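Next come the chains, spelled out residue by residue.
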Amino acid sequence: MSLSPAMWMLKRVVKDALRAIRSVPSEIAAWRRFWHTYQAYNALAPGETKVTTDHLLPCIHDATAQTDIEPIYFYQDAWAFEKIVQLQPTHHVDIGSHHKFVALLSKVVPVTMVDIRPLSLRLDSLKFQEGSILALPFGDRELSSVSSLCVVEHIGLGRYGDPLDPHGTEKAIRELKRVVAPGGSLVISLPIDDSNRVFFNAHRAFREDYLLRLFDPFQVLEAHYIYGMTFGTARQSGFGIGCYYLRG
């Protein structure tokens, strides 16, 4: 029997509460470690360099055995960056990808970023143009190099203040195809799964066969996949991220 929305929400609240309770011992240990190191530091410091409690800025979660990394953006951004640099476009247009990816790419390739929300910071190497992935400010078949990483799966879910539309992803893909020139490149990533699903209001996921039909007649020149903490060329079952290099 499926859970009602109210029961599903209650189950999630209980799960989050249990997770918070389980984290209490580690939080206490982290604070004890902080106060121990603070006292030990002051014991070593000469009088005028001792730290007063007015200047404490505790960072209690950074003493880890390894550097924890969110795998999706780590892998997809590195892959897309390398691919676009290898292609050496005279000008590249990115639609809505993460600002750090676009900022770094703009240092080696001329880049225009298009997004519905203006960036709060400026960068001399990066040109910004406000616009929607549903109505891109470019002519038909105008662009020779385009990217859009983990964007189209969000369209129409209202997460970013955009209008609700159950077919938002399909419309966004059609618009990307419209602006890519014949022979041009499209570097894109989005969630894939064993069936089409909506995880409201975070994102959607798609069967790969359904997804690739949406991109027809574009040719898939390269496909990589992210499953958990792994990145490779093998398609697996279950939820993952597909990273595709396509030619228009």
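See the structure printed just above.
Residues numbered from 1 in each chain as written. Predicted model: local features only at pLDDT ≥ 70, side-chain atom pairs only at ≥ 80, totals over all residues. Heavy atoms only, no water.

A. Here's a closer look at the overall build of the protein. Looking only at helices and strands, the protein features six helices and 10 strands. Taken against the 2.2 N^0.38 rule, which gives 18 Å for 248 residues, the C-alpha radius of gyration of the protein at 23 Å runs more than 25% over that of a compact globule. Every one of the 248 residues in the protein was classed for burial, and the buried ones make up 37%. Look at the contacts in the protein between residues 6 or more apart in sequence, and 58% of them connect residues 24 or more apart. Once the 26 positive and 26 negative side-chain charges of the protein are each reduced to a mean point, those two points are 4 Å apart. (Helix = DSSP H or I, 4+ residues; strand = E, 2+ residues; numbered from the N terminus. Rg over C-alpha atoms; globule rule 2.2 N^0.38 Å. Buried < 20%, exposed > 50% of the residue type's maximum accessible area, 1.4 Å probe, protein only. Contact = heavy atoms within 4.5 Å. Lys, Arg positive; Asp, Glu negative; His and termini not counted. Charge placed at Lys NZ, Arg CZ, Asp CG, Glu CD.)

B. Up close: the state of the cysteines. The final tally for this structure, using the stated rule, is zero disulfides. Cysteine Cys150 shares no disulfide, and the gap to the nearest cysteine sulfur, in Cys243, comes to 7.3 Å. Cys150 sits in the buried class, given a relative accessible area of 9%. (Disulfide = S-S within 2.5 Å.)

C. Expanded view of the side chain of Ser189. One can find Ser189 in strand β5 (residues 180-192). The buried category is assigned to Ser189, whose relative accessible area is 0%. Here Gln76 takes part through its side chain, which lies 2.6 Å from a polar atom of the side chain of Ser189. (Polar contact = N/O pair within 3.5 Å; in protein donor to acceptor, adjacent residues only side chain to side chain.)

D. Quick look at the packing of helix α5 (residues 168-179) against helix α6 (residues 208-215). With their axes 9 Å apart at the nearest point, α5 and α6 run at an angle of 40° to one another. With respect to their mutual orientation, α5 and α6 come out oblique. Contact residues: α5 offers Glu170, Ile173 and Lys177, while α6 offers Tyr210, Leu211, Leu214 and Phe215. Tallied by class, the residues present in the contact of α5 with α6 amount to five nonpolar, no polar and two charged. (Axes fitted to C-alpha atoms, helices over the stretch in contact; angles between N-to-C directions. Parallel < 35°, antiparallel > 145°, perpendicular 65-115°, else oblique. Nonpolar A, V, L, I, M, F, W, Y, C, P; charged D, E, K, R; others polar.)

E. Representation of the packing of aromatic side chains in the model. One pass over the full model with this rule turns up 10 aromatic pairs. Ring geometry for Tyr75 versus Phe231: centroids 5.3 Å apart, planes at 10°, classification stacked. Highlighted residues: Tyr75 in helix α3 (residues 71-87) and Phe231 in strand β9 (residues 230-232), separated in sequence by 156 residues. The class of Phe231 is partly exposed, set by a relative accessible area of 29%. Note on Phe199 and Phe239: the rings are 6.0 Å apart at their centroids and 85° apart in plane angle, and the pair reads as edge-to-face. Highlighted residues: Phe199 in strand β6 (residues 197-199) and Phe239 in the loop between β9 and β10 (240-247), separated in sequence by 40 residues. Judged by relative accessible area, Phe239 falls into the partly exposed class, the value being 38%. Ring-pair connections join several aromatic residues into one group, and the members of that group are Trp31, Phe34, Trp35 and Tyr38. (Phe/Tyr/Trp six-rings, centres within 6.5 Å; stacked < 30°, edge-to-face > 60°.)

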